[in-house]
Amino acid sequence: NAGVMQNPRHLVRRRGQEARLRCSPMKGHSHVYWYRQLPEEGLKFMVYLQKENIIDESGMPKERFSAEFPKEGPSILRIQQVVRGDSAAYFCASSPRPGTEAFFGQGTRLTVV
Amino acid sequence: AQTVTQSQPEMSVQEAETVTLSCTYDTSESDYYLFWYKQPPSRQMILVIRQEAYKQQNATENRFSVNFQKAAKSFSLKISDSQLGDAAMYFCAYSLPGNTPLVFGKGTRLSVIA
């Protein structure tokens, strides 16, 4: 059973470009969470999705950020018009049921130049 | 809102010795989960140990054990017989049952000295 797969591992974007981060949850997991980690900080919750539904997006910036988890395919975190402050590691986690332990991917390190 | 506090930004331990990492949390709920995650330089977040609040018995996983003090809202991690591979960032985390995400502390960087 493959773990949570995130790609790309590293992503470099110029200011103003779009960044798309992908996350394939573990097989059988329908709950996906996105977190952001700034250097020397803990992970901060961004958004929680279940297949085709956004359950909780209270941690997501109101502008430029969006997330989806379609019926088929990976979950996508999209950042439009990136700025230097978006540079961070973005982690995806999945769980089989809400409230149980989440299994994490290896993260995508976004660098905005 | 729930918060998780790790008061030790850095800790070090001699190889084969024991170290305890501290974590406190703030919640008004009675049913919740607590976790310790390890993040080595590879950045992979690895679940170390998990505790359900309704269980009085402290969780144990091989060399890792917790001291869960529900009344004090304290959840410390003890690593026995420390190994070089234990060097990593350790994050304490909290979640409620149901549709709620994990809330993380800021982490403790553990160094293991040979």
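Our subject is the structure listed above.
Description of the structure in this document. Keep in mind that what you see is a predicted model, and the values were worked out from it rather than measured. (Residues numbered from 1 in each chain as written. Chains lettered and ligands numbered in written order. Predicted model: local features only at pLDDT ≥ 70, side-chain atom pairs only at ≥ 80, totals over all residues. Heavy atoms only, no water.)

### Points about the environment of E18(A)
Line of reasoning, step 1. Its place among the elements puts E18(A) in the loop between β2 (10–13) and β3 (19–24).
Line of reasoning, step 2. A polar contact of 2.9 Å, which involves the side chain of E18(A), links it to the side chain of R20(A). (Helix = DSSP H or I, 4+ residues; strand = E, 2+ residues; numbered from the N terminus. Polar contact = N/O pair within 3.5 Å; in protein donor to acceptor, adjacent residues only side chain to side chain.)

### Some remarks on the interface of chain A and chain B
Many authors give the size of an interface as the accessible area that is lost as the parts come together.
Line of reasoning, step 1. Contact with chain A, which involves 26 residues of that partner, is made by 23 residues of chain B.
Line of reasoning, step 2. Interface area, chain A with chain B, both sides summed: about 2,000 Å², of which 50% is carbon and sulfur.
Line of reasoning, step 3. Viewed at the interface, chain B and chain A are joined by zero salt bridges.
Line of reasoning, step 4. Between chain A and chain B we count six residue pairs in polar contact (both at pLDDT 80 or more) in total.
Line of reasoning, step 5. Among the elements of the structure, β4 (31–37), β5 (43–50), β6 (53–56), β9 (88–95) and β11 (108–112) of chain A are those that each provide at least two residues to the side of chain A that touches chain B.
Line of reasoning, step 6. For the side of chain A that touches chain B, a count of residues per class yields eleven nonpolar, nine polar and six charged. (Contact = heavy atoms within 4.5 Å. Buried area = accessible area lost by both parts, 1.4 Å probe. Salt bridge = Lys/Arg side-chain N within 4 Å of Asp/Glu carboxyl O. Nonpolar A, V, L, I, M, F, W, Y, C, P; charged D, E, K, R; others polar.)

### Examining the nonpolar core
Line of reasoning, step 1. One finds Y25(B), Y32(B), W36(B), F75(B), L77(B) and Y90(B) to be the most contacted residues of the largest nonpolar core, which totals 26 residues.
Line of reasoning, step 2. Among the secondary structure elements, those contributing two or more residues to this core are β3 (19–21), β5 (33–39), β6 (46–52), β8 (64–69), β9 (74–79), β10 (88–95) and β12 (108–113) of chain B.
Line of reasoning, step 3. With four residues, the single largest contributor to this core is β10(B).
Line of reasoning, step 4. When sequence neighbours within four positions are dropped, the list of residues in contact with Y25(B) reads T3(B), V4(B), Y32(B), L34(B), F68(B), Q69(B), K70(B), K73(B), S74(B), F75(B) and Y94(B).
Line of reasoning, step 5. Core analysis: the second largest hydrophobic core is formed by 23 residues, C23(A), V82(A), A88(A) and V112(A) among them. (Core = buried A, V, L, I, M, F, W, Y, C linked by side-chain atoms within 4.5 Å. Buried < 20%, exposed > 50% of the residue type's maximum accessible area, 1.4 Å probe, protein only.)

### Notes on unusual backbone geometry
Line of reasoning, step 1. Note that the residue after N7(A), namely P8(A), is joined by a cis bond; omega there is -5 degrees.
Line of reasoning, step 2. For P8(A), the position within the fold is in the loop between β1 (5–7) and β2.
Line of reasoning, step 3. Phi is positive for Q81(A), close to 45 degrees, though the residue is something other than glycine.
Line of reasoning, step 4. The topology assignment puts Q81(A) in the loop between β8 (75–79) and β9.
Line of reasoning, step 5. Its identity is not glycine, yet D81(B) carries a phi of approximately 50 degrees, on the positive side.
Line of reasoning, step 6. The residue D81(B) is located in the loop between β9 and β10 in this model.
Line of reasoning, step 7. The class of D81(B) is partly exposed, set by a relative accessible area of 39%.

### Re the packing of aromatic side chains
To describe a pair of aromatic rings, you give the distance between the ring centres and the angle between the ring planes.
Residues and elements named next belong to chain B.
Line of reasoning, step 1. Applying the stated criterion to the full structure yields 15 aromatic pairs over all chains.
Line of reasoning, step 2. Centre to centre, the rings of Y25 and Y32 are 5.3 Å apart; their planes meet at 65 degrees, and the pair counts as edge-to-face. An identical accessibility class is assigned to Y25 and Y32; each is buried.
Line of reasoning, step 3. On the basis of an interplanar angle of 90 degrees and a centroid distance of 6.3 Å, the ring pair of F91 and F104 is categorised as edge-to-face. Here F104 lies in strand β11 (residues 103–104) and F91 lies in strand β10, a separation of 13 residues in the sequence. For the residue pair F91 and F104, the accessibility class agrees, reading buried in each case. (Phe/Tyr/Trp six-rings, centres within 6.5 Å; stacked < 30°, edge-to-face > 60°.)

### Focus: the sheet that holds β3(A)
Residues and elements named next belong to chain A.
Line of reasoning, step 1. Read across the sheet, four strands follow the order β1-β3-β8-β7 without closing on themselves; strand pairing throughout is antiparallel. Two strands in the sheet have a free side with no partner beyond their single neighbour: β1 and β7 (65–68). Between one strand and the next, the sheet's axes are offset by a mean angle of 15 degrees, whatever the strand orientation.
Line of reasoning, step 2. In this sheet, β8 lies alongside β7 in antiparallel orientation, the contact comprising four bridges. Within β8, the position partnered with F65 by the bridge is I79. (Pairing = 2+ DSSP bridges. Axes fitted to C-alpha atoms, helices over the stretch in contact; angles between N-to-C directions.)

### A closer look at the pattern of salt bridges
Line of reasoning, step 1. All chains considered together, the criterion is met by eight salt bridges over all chains.
Line of reasoning, step 2. Note that R20(A) and E18(A) form a salt bridge whose closest N and O atoms lie 2.9 Å from each other.
Line of reasoning, step 3. A relative accessible area of 36% places R20(A) in the partly exposed class.
Line of reasoning, step 4. Between D86(B) and R63(B) there is a salt bridge, with its nearest N and O atoms 2.8 Å apart. With D86(B) in the loop between β9 and β10 and R63(B) in the loop between β7 (60–61) and β8, this residue pair connects regions lying 23 residues apart in the sequence.
Line of reasoning, step 5. Where salt bridges share partners, they join E18(A), R20(A) and R78(A) into one cluster.

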